[in-house]
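If you want the building blocks of each chain, they are given just below.
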Amino acid sequence: MPTQTNLSLGTLSITTSSLGAELQSLELDGHQYLWQGDARWWTGRSPILFPIVGRLHDDRAASASGEVTLPRHGLARRREFSLVESDAGHVVYELRSDDETLASFPYEFVLRMSYALVRDDQGRTLLEQGFEVSNPGDVTLPFVVGGHPAFNVPVRGEGAFEDHDLLFSTPWTYDAPALDIPTNILDWQHPWQVLADTDRLALTHRTFDVDTIVFHDVPGSVATLVNRETGHGVELSFAGFDYLGVWSAAGDAPFVAVEPWCGCSSGVDEQGALRGEAWHDAA
């Protein structure tokens, strides 16, 4: 049975679950910032994506170790992790490959997820989420790993969805890859312009008619989901994660997912193989 762990520091508190090593709650000053899941739109909260992000062509791919058959976003989010460390300030979960994972992803791996509440040099209380992938096998391990945290919008229940922006550290211009919605395969050859010399993306429900917006090389690896009227929001710093997915469910869902990834979904030109610049290799 899944177990939950609670951590708190000052007025910031979190709850994590051993199922998927998923963050379940993120509260500050008594306000819930993390989406709590609702079957009308999306039951997830903050799943861990591994060893793929997004989709493979027909959910299959060839690899040096045999055929890979994985559902969207991989296998970690549906698995029970072991609790390997826990104290008042941090918690660490671990998932190891086994016969079941090897049947669909023929590689040995160890995935560790950590959560810690810390204070920075400015006295702010922060949540640090750590991703660690290691390879206990004797062949190169190809993988992608990422987060999928979703946040309540309106933030703190204040104002309307349309009062919110995704704010970047500097103005920039960006063209996102097209996304084939039935297959969730990316098309980098047919991009569309998301930003034109601006540091903010104004959010409306229609922003997500294209489904997920995939950003690459975000300036400073920082993005903030913020209510422009109140200034309340969530800042994410994701050094080492070259991609950022931004998504909300159809039907005017009251949340926005802001998702740091170290790789992305398959591209139309990848021909069903675990290869390409989006993949990491662990020797």
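Residues numbered from 1 in each chain as written. Predicted model: local features only at pLDDT ≥ 70, side-chain atom pairs only at ≥ 80, totals over all residues. Heavy atoms only, no water.

A. Molecular detail of the overall build of the chain. Across its full length, the chain carries 1 helix and 22 strands. Since a compact globule built from 283 residues should have a radius of gyration of about 19 Å, the 19 Å found for the chain is in line with a globular shape. Projected onto its principal axes, the C-alpha positions of the chain cover 55 × 50 × 40 Å. Taking all 283 residues of the chain together, the buried fraction comes to 50%. A separation of at least 24 residues holds for 60% of the contacts in the chain among residues at least 6 apart in sequence. Charge-centre separation for the chain: the mean point of 17 positive side chains lies 5 Å from the mean point of 41 negative side chains. (Helix = DSSP H or I, 4+ residues; strand = E, 2+ residues; numbered from the N terminus. Rg over C-alpha atoms; globule rule 2.2 N^0.38 Å. Buried < 20%, exposed > 50% of the residue type's maximum accessible area, 1.4 Å probe, protein only. Contact = heavy atoms within 4.5 Å. Lys, Arg positive; Asp, Glu negative; His and termini not counted. Charge placed at Lys NZ, Arg CZ, Asp CG, Glu CD.)

B. Spotlight on the state of the cysteines. For the structure shown, the criterion picks out 0 disulfides. The thiol of Cys 262 is not disulfide-bonded; the next cysteine sulfur, from Cys 264, is found 9.9 Å away. The exposure class assigned to Cys 264 is buried, which follows from its relative accessible area of 6%. (Disulfide = S-S within 2.5 Å.)

C. Highlighting the environment of His 205. Its location among the elements puts His 205 in the loop between strand E16 (185–202) and strand E17 (213–216). Along the primary structure His 205 and Thr 230 are separated by 25 residues, whereas in three dimensions their C-alpha atoms are 20 Å apart. His 205 has contacts with Phe 161, Glu 162, Asp 252 and Ala 253, leaving out every residue within four places of it along the chain.

D. Representation of the layout of surface pockets within the structure. Here the largest pocket defines a volume of roughly 940 Å³. As for the largest pocket, its lining consists of 26 residues, of which Leu 127, Val 234, Glu 235, Leu 236 and Ser 237 are closest to the centre. At the level of secondary structure, the elements contributing two or more residues to the lining of the largest pocket comprise strand E3 (23–28), strand E11 (125–134) and strand E19 (233–237). Among the elements that make up the lining of the largest pocket, the one with the highest residue count is E11 (6 residues). Looking at side-chain class alone, the lining of the largest pocket contains 17 nonpolar, 6 polar and 3 charged residues. (1 Å grid on protein atoms, 1.4 Å probe; cavity = no way out; pocket = protein on both sides within 12 Å on 5 of 7 lines; lining within 4 Å. Points joined across faces, edges and corners; volume = space filled by probe spheres on them. Nonpolar A, V, L, I, M, F, W, Y, C, P; charged D, E, K, R; others polar.)

E. How the structure looks around the sheet that holds E19. The 4 strands lie next to each other as E16-E15-E18-E19, forming an open sheet whose pairing is antiparallel. Each edge of the open sheet carries a strand with a single partner, namely E16 and E19. With direction set aside, neighbouring strand axes in the sheet form an average angle of 30°. (Pairing = 2+ DSSP bridges. Axes fitted to C-alpha atoms, helices over the stretch in contact; angles between N-to-C directions.)

In short, the description is geometric, and any link to function would need to be established separately.
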